[in-house]
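Secondary and tertiary structure notes
Residues per chain, in single letters:
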Amino acid sequence: MSGEPELKGRAARLARLLPTGPGQAARTPFVLLVFLLLGGGLICLLVLNSALSEGAFKLDDLQRGTKNLTDEEQALQRDIDAYSAPESLQRRARELGMVPGGDPAFLDPDGTVKGVPSPAPGVRQPAAHTPPVLAPEAMTDGPTPTGR
């Protein structure tokens, strides 16, 4: 005899359904495997969550930078629009001494003039400029060899 009580009837049939002896798997390795899988999954979720948070901070910084650059671009565009407005161009041209031009005249490729050329209104006509005549003494760099 094996030392185990002999089962009869219904108990014997149930005992045959349950494995006994060395064929039964040990529970400790299975429990450790489950704990390792759960722990590894939690650590992976923690790392993933940290990476997403870091990405969110970078995205926020980039969006803030984009907003600042957009504001700067709009300010520069306003400055360009202000400088290129007709009133501004006219004022700056007058400050430089420019005046509005008259009717233009055009030259054809064969040399004929189309239109009537005229000076711009409000412009002084320069007098015919003749170079000053220099005296012979002024034309030399130093005293003449004769000593005069």
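Scoring rules and cut-offs
Residues numbered from 1 in each chain as written. Predicted model: local features only at pLDDT ≥ 70, side-chain atom pairs only at ≥ 80, totals over all residues. Heavy atoms only, no water. UniProt positions renumbered as here; feature names shortened; annotations may be inferred. Helix = DSSP H or I, 4+ residues; strand = E, 2+ residues; numbered from the N terminus. Salt bridge = Lys/Arg side-chain N within 4 Å of Asp/Glu carboxyl O. Buried < 20%, exposed > 50% of the residue type's maximum accessible area, 1.4 Å probe, protein only. Patch = residues over 30% accessible without salt bridge, like charges linked within 9 Å, V, L, I, M, F, W, Y side chains within 5 Å. Areas by Shrake-Rupley, 256 points an atom, 1.4 Å probe, with all protein chains shown as cover.

Mapped onto this structure's residue numbering, the UniProt feature "transmembrane region" (unreviewed entry) falls at residues 30–48. Secondary structure content for residues 30–48 is 100% helix and 0% strand, and the end C-alpha separation is 27 Å.

Where side chains of opposite charge bring their charged atoms close, a pairing between them can arise. Counted by the stated rule, this structure contains six salt bridges. Residue Lys67 pairs with Asp71 through a salt bridge whose shortest N-O separation is 3.2 Å. In this pair, Lys67 and Asp71 are both assigned in helix 2 (residues 27–83), four residues apart and thus about one turn of the helix distant. Its salt-bridge partner being Lys114, residue Asp108 comes within 4.0 Å of it at the nearest N-O pair. Accessibility expressed as a relative area gives 25% for Asp108, which makes it partly exposed. If you follow the salt bridges from partner to partner, you end up with Asp60, Asp61 and Arg64 in one network.

Moving on: a nonpolar patch on the surface. A cluster of nonpolar residues, Phe30, Val31, Val34, Phe35 and Leu38, forms a patch on the protein surface that exposes about 500 Å² of accessible area. If you trace the backbone, Val34 turns up in helix 2. Classification of Val34 by relative accessible area gives partly exposed; the value is 33%.

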